[in-house]
Amino acid sequence: MVIMINGSFGVGKSTVASLLQSRIANSRVYDPEVVGSILMRLPKWVKLRGRGTDDFQDIDLWRKSVAAGIRLNRLRNRGPILVPMTFDRHDYLDEISSAIRKFDANLHIFCLVASLETIQQRLRKRGALDDSGAEWVIRRSRECVIAHRDPAFGQPIDTEGRSAEQVVAEIMAHFSG
C-alpha cells in the first residue's frame, strides 16, 4: 500500500506522515523532496528536461524518480509507504499516481487542506517565512490552497483548527472500515 499525503506547504504533511508511521505497522516515510533538492542543486551544465523553473517538479527525471523511489522502498519494506508531497498540477499527480499503480494498485491519496491564513501562520511559526525563499513559499502556498479545493488532488482532510493527532485519526478511520 502507498499512502500519499498531499497538501500545501505548511499544512502538516510531514508531521502527519510521521505520526502515521508510528501507528501503521512496518510503514516507512519516503520524502521525494530530497531528490528534488539534489536535482535543483546540480550544476547548470547537467542538462535535465524541464529544468529552468523554480520548481523541481517540472524536471522529468524527478517525476520518474518519485515512483522509482517508492518502488525501491516497497522492495525493501513490505509495509505501507507514506509519501508527503505537495502537488497542485493534475498532470504531475496523474503521471506519478499512474506509475505507482503499475506496481501497487493499493494507492490512497489524501489532501490536507486549510485556509491560506492558517497555513501562513503555521509557516511563520516554524520560521519558513524568515528567509530568502519566503516569497516563493507564500506564492506556492496560495496556489496550492486554490488548487486543493478540487477533490481530484486527493481525499480532502480538513486540518483547520485540528491537531495533527485528529487528522491522523481521520485518515486511520479510512482503513478501519
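Just above, that's the structure.
This write-up is about the structure you can find in this document. (Residues numbered from 1 in each chain as written. Predicted model: local features only at pLDDT ≥ 70, side-chain atom pairs only at ≥ 80, totals over all residues. Heavy atoms only, no water.)

## A closer look at the overall build of the chain
In step 1: What the chain contains, in helices and strands, is seven helices and five strands.
In step 2: For the chain, the sequential pattern of α-helices and β-strands runs β-α-β-α-α-β-α-β-α-α-β-α.
In step 3: Since a compact globule built from 177 residues should have a radius of gyration of about 16 Å, the 16 Å found for the chain is in line with a globular shape.
In step 4: Principal axes of the C-alpha set define a box for the chain whose edges measure 50 × 40 × 25 Å.
In step 5: If you sum the accessible surface of the chain, you get close to 9,300 Å²; carbon and sulfur atoms cover 53% of it. (Helix = DSSP H or I, 4+ residues; strand = E, 2+ residues; numbered from the N terminus. Rg over C-alpha atoms; globule rule 2.2 N^0.38 Å. Areas by Shrake-Rupley, 256 points an atom, 1.4 Å probe, with all protein chains shown as cover.)

## Some remarks on the packing of helix α2 (residues 33–41) against helix α3 (residues 60–76)
In step 1: Where α2 meets α3, the closest approach of the two axes is 10 Å, and the angle between their N-to-C directions is 155°. Judged by the angle between their axes, α2 and α3 are roughly antiparallel. The handedness of the crossing between α2 and α3 is right-handed. Across the interface between the two elements, Val-35, Gly-36 and Leu-39 from α2 touch Leu-61, Trp-62 and Ser-65 from α3.
In step 2: Grouping the amino acids of the contact of α2 with α3 by side-chain chemistry returns four nonpolar, two polar and no charged. (Axes fitted to C-alpha atoms, helices over the stretch in contact; angles between N-to-C directions. Parallel < 35°, antiparallel > 145°, perpendicular 65-115°, else oblique. Left-handed = near helix turned anticlockwise from the far one by under 90°. Contact = heavy atoms within 4.5 Å. Nonpolar A, V, L, I, M, F, W, Y, C, P; charged D, E, K, R; others polar.)

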